[in-house]
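Results of the structural survey
Given next are the chains, with one letter for each unit.
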Amino acid sequence: MSVVFEELGYQETPLGVISLRRRSEPRLNNKILYEIKLDDEFLMSSLFTEAEIQLSKICLAALEGKELDVVVGGLGLGYTAKAALEYDSVRSLKVVDVMAPVIDWHQRGLVPLGSELTTDPRCTLIHADFFDVATSKTKDFDGLAYPEGVPHPQVDAVLLDIDHSPSYWLNPGNSAFYTEQGLRDLSDKIVSGGIFGLWSDEPPAADFMALLDRIFESSESHVVSFPNPYLQEDSTNTVYLARKA
């Protein structure tokens, strides 16, 4: 097989140039990879997806009952969303992404999971700033304002995979979310007994766990290991899980 390199999408955004590329990896017997970059920074690779999948599996396994309403912050290549849709208990899934091109790539079938997500009637892709809608006292996760006098809707789980970690952000403006006020505002949008889950590229952070414990009834961290063929050893990510009282 010849070496493949295709730039499938490229667009300037307020946060920088975002691009989607499909390439074969000669070091892995020309395995085909899909990668998303923001300027020169890698956001997502189809080679490393286990922790994104486990974000859904770990958090949704902690919930009981049927007809769950779930929100995913960050679409990426769609692996967290796909894993959530594998649960029959999920009634609705809203995936919120600030990058319109990423949603467009899925809708056009330019990424492997695009068709699967866009044809599932439970799944809605929403172009909005997750951090804005997650903490807003007047808007739902779809960015629509609450009707006056109507209590704001709550969801069973919010799963977040946008920043590299609670202290390493793609956009400095995201930092306000990882504070006591930001997380309390998010908690208001989660039902009693519901879950907040967060992916991180870094090891569990004691200070962030302490912050979660001030807001939620309980919290825990899960270290997810996965093979890294470049290093010829396992790499790890972290999944945080917090449960509302």
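Model, not experiment: these values are computed from the prediction.

1. Re the sheet that holds strand β2 (residues 16-25)
The 4 strands are arranged β1-β2-β3-β4 in an open sheet whose pairing can be described as antiparallel. The two strands at the open ends of the sheet, each matched to only one other strand, are β1 (5-13) and β4 (41-45). Direction aside, the axes of adjacent strands within the sheet are offset by 20 degrees on average. In terms of strand pairing, β2 meets strand β3 (residues 31-38) through 8 bridges, oriented antiparallel. Within β3, the residue paired with Arg22 across the bridge is Tyr34. In the packing of helix α3 (residues 100-107) onto the sheet, contacts are made with β1, β2 and β3, and the angle to β2 comes to roughly 40 degrees.

2. Some details on the pairing of strand β5 (residues 68-73)
Taken across its 6 residues, β5 has 6 buried, putting it largely inside the fold. Where burial is concerned, the two faces of β5 agree: the one with Leu68, Val70 and Val72 and the one with Asp69, Val71 and Gly73 are both buried. Here 6 bridges tie β5 to strand β6 (residues 90-97), and the two strands are oriented parallel to one another. Directly across from Asp69, in β6, lies its bridge partner Ser92.

3. Considering the side chain of Lys189
Here Lys189 is to be found in the loop between α6 (180-187) and β9 (190-200). At a separation of 2.4 Å, a polar atom in the side chain of Lys189 contacts the main-chain carbonyl oxygen of Val133. Residues in contact with Lys189, not counting those within four places in the same chain, are Val133, Ala134, Ser136, Lys139, Asp140, Phe141, Tyr146, His152, Pro153, Gln154 and Val155.

4. Quick word on the side chain of Ser46
For Ser46, the position within the fold is in the loop between β4 and α1 (50-61). Given a relative accessible area of 17%, Ser46 falls into the buried group. There is a polar contact of 2.9 Å between the side chain of Ser46 and the backbone nitrogen of Tyr34. Those residues within four positions of Ser46 in sequence are excluded, and the remaining contacts are Ile32, Leu33, Tyr34, Leu77 and Tyr79.

5. Quick notes on the domain arrangement of the protein
Domain parsing of the protein yields domain 1 (5-43) and domain 2 (48-244). With centres defined by C-alpha atoms, the gap from domain 1 to domain 2 works out at 22 Å. In this complex, domain 1 contributes 20 residues to the contact, which on the side of domain 2 involves 16 residues. Taken over both partners, the interface formed by domain 1 and domain 2 buries close to 1,400 Å², and the fraction arising from carbon and sulfur atoms is 78%. At the junction of domain 1 and domain 2, the tally comes to 0 salt bridges. On inspection of domain 1 and its partner domain 2, the count reaches 3 residue pairs in polar contact (both at pLDDT 80 or more). Elements with a minimum of two residues in the side of domain 1 that touches domain 2: β1, β2, β3 and β4. Classifying every residue of the side of domain 1 that touches domain 2 by side-chain character gives 12 nonpolar, 4 polar and 4 charged.

Scoring rules and cut-offs
Residues numbered from 1 in each chain as written. Predicted model: local features only at pLDDT ≥ 70, side-chain atom pairs only at ≥ 80, totals over all residues. Heavy atoms only, no water. Pairing = 2+ DSSP bridges. Helix = DSSP H or I, 4+ residues; strand = E, 2+ residues; numbered from the N terminus. Axes fitted to C-alpha atoms, helices over the stretch in contact; angles between N-to-C directions. Contact = heavy atoms within 4.5 Å. Buried < 20%, exposed > 50% of the residue type's maximum accessible area, 1.4 Å probe, protein only. Polar contact = N/O pair within 3.5 Å; in protein donor to acceptor, adjacent residues only side chain to side chain. Domains from an automatic or database assignment. Buried area = accessible area lost by both parts, 1.4 Å probe. Salt bridge = Lys/Arg side-chain N within 4 Å of Asp/Glu carboxyl O. Nonpolar A, V, L, I, M, F, W, Y, C, P; charged D, E, K, R; others polar.

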